[in-house]
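# Architecture and fold: a report
Each chain is listed here by its residues.
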Amino acid sequence: MCWRRLDDGARHAEVGKPMEVVRVRFAPSPTGYLHVGGARTALYNWLFARHHRGVFILRIEDTDVDRSKPELTTAILDSMTWLGLNWDEGPFYQSQRLERYRQMAAELERLGHAYPCFCSPEELQAKRAQAEAQKRPWKYDGACRNLTEAERARRRAEGRPHAIRFRVPESGQTSFEDRVFGLLEVEHRDLEDFVLLRSDGHPTYHLGVVADDLDMRVTHVIRGADHISNTPKQLLMYRALGAPEPVFAHLPLILGPDKQRLSKRHGATSVGAYRDQGTLPEALVNFLALLGWTPPAGKEILPLEEMIQAFELETVSKSNAVFDVEKLAWMNSEYLRSLPVERLLPLVEEELEKAGIGSWVSGVGNRQPAVLNRQSTEGLKHTVRLLQTRARTLKDFPGAFRAFFTDEFEYDPEAQKKFWKDAQLPELLETLSGRLARVEPFTLAATEQCLRGLAEEKNVKAGLLINATRVALTGQAVAPGLFEVMVELGRERVVARLHRAAEFLRARLAGRAGATP
RNA sequence: GGCGCUAUCGUCUAGGGGUUAGGACGUCAGAUUCUCAAUCUGAAAACCCGGGUUCGAUUCCCGGUAGCGCUACCA
């Protein structure tokens, strides 16, 4: 088997330097949803692969039978796809390669680098607990390390279950050059004889990764810094097998605001949760990319192409980074604002549908939105364009902007408090409603003239009327320019809503008067 | 506890033996105005501590401290 493909001369593009196809992998375990930390690891792998025109492999590490769930694999794949992190090979499942791991364990045993261990988990746990109680450092004591062949045979004959452990040399050290962290080194005496194969025949992580990375001809292992201390163990395995070693690059961890490892306690941690909150995938990708890496030019909003072009492992930061939700929110609004309407529209439609606002009337062949007015797609596009600059997330459309899509909306209490204080309002709004009914044509200039005229006549500030009208039309204190809103909604709706607001206000006054003796 | 890694504004970071230590998010103030967002202007805000090397360290070295990681028949 050839580990690295160095086929023909065509690959020797650079003089004296054989060009090797870069092969990287992302290897999540289906014991949870895709965490943003995992997503960033996946992203960096993906960027590295694309930068080098290499291969990005997806592998599911489901060797922990108790904790792995197939649904989670699906969820992870969905999140990857949503983020746009397409893979070239896989997904491969470790659970389908068990035979291969047993083979490799046997091979290591044959070479004298591994041995069967008959200690039961209970025994080990007891020993560990005891050591801990006496505050002695614990490390596997090697009880089975030097059993004679006869002793092993006897235990096997007794039918005692056994695991396979790797035989770590008792002296010396293992070092490697990490592409992010530089030279890293550990003393063998600080390592224990770790388990390769569990007594149930399932591989542990160490066996699984090494076997797979070898078989899949992975050239660069890019993963979280929590694996730094595992690397020497794996290196020991490569060396024991006489196999070529991949390059290692470890990524700093992502922390919560309290500098603790990011977890559910901090709120949303999964990619899916951000999608559900109305985050755009390109915003999340951009944000994640900048968490631990800065492009040479220092640009913050970075198109994917530029990211691929500029990405280098060597410029990845070594220190952990706090996940700043505020900055992500800012970035999301940046992306939302600059997204072409053609792309934004379907996303908005989806949100409206989810919120039960746009029930879709399926026509012949194409779907027609049944929102406000039975707006045409063009109309909807116009509305979306109007609201786009003010949106923070996709959820704003069915949320704060609801009144643009349906007549069923409520008056925000805060908005009422702020702009519906003046006692003359019911009358003013009613009058305005009546006048707007006759304004011709119903344009930006004409509606503005009408409103300002009324304000002057009644000797009130235009702002008072404008703000009150905004609440009447949208239920919100925040919306686009009022006259744009009017034109957008159309005369009929504006007139009706003003009338409705006037009545609402009158009722509110009456209610109050009744409540106060 | 043992081993390892890391350390620049609140946060993400740039920088690097001599700098007014730069940018971004956030915060505050102002401009604009019909609200908000956007935009523009401005402000406050950082080199963990102690030694050493050096004419000079935030930068290099050592120690401390803190944080994080690993310390499983989890990954």
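These remarks concern the structure in this document. It should be emphasised that the depicted structure is a prediction, and the values quoted were computed from it without experimental measurement. (Residues numbered from 1 in each chain as written. Chains lettered and ligands numbered in written order. Predicted model: local features only at pLDDT ≥ 70, side-chain atom pairs only at ≥ 80, totals over all residues. Heavy atoms only, no water.)

## Regarding the nonpolar core
Of all hydrophobic cores here, the largest spans 105 residues; its most connected members are Phe 323, Phe 405 and Leu 436. Top contributing element to this core by residue count: helix α1 (residues 36-51), with nine residues. Composition of this core by domain shows at least three residues from each of domain 1 (339-407) and domain 2 (413-515). Judged by nonpolar contacts, the second largest core, of 32 residues, contains Ala 211, Leu 214, Ala 240 and Phe 248. (Core = buried A, V, L, I, M, F, W, Y, C linked by side-chain atoms within 4.5 Å. Buried < 20%, exposed > 50% of the residue type's maximum accessible area, 1.4 Å probe, protein only. Helix = DSSP H or I, 4+ residues; strand = E, 2+ residues; numbered from the N terminus. Domains from an automatic or database assignment.)

## Describing the sheet that holds strand β8 (residues 195-197)
The three strands lie next to each other as β4-β5-β8, forming an open sheet whose pairing is antiparallel. In the strand order of this sheet, the two ends are held by β4 (114-117) and β8, each with one partner. Looking at each pair of strands side by side, their axes are set apart by 45 degrees on average, direction ignored. Alignment of β4 against strand β5 (residues 163-166), held across four bridges, turns out to be antiparallel. Bridge assignment links Pro 116 to a residue of β5, and that residue is Ile 164. Packed on one face of the sheet, helix α3 (residues 98-110) meets β4, β5 and β8 and runs near 105 degrees to β4. (Pairing = 2+ DSSP bridges. Axes fitted to C-alpha atoms, helices over the stretch in contact; angles between N-to-C directions. Contact = heavy atoms within 4.5 Å.)

## Examining helix α7 (residues 231-241)
Within α7, nine of the 11 residues are buried, which leaves the element mostly enclosed by the surrounding structure. Restricting attention to buried positions, one finds in α7 the residues Thr 231, Pro 232, Lys 233, Gln 234, Leu 235, Leu 236, Met 237, Tyr 238 and Ala 240. One or two positions beyond α7, positive phi appears at Gly 242, with a value near 65 degrees.

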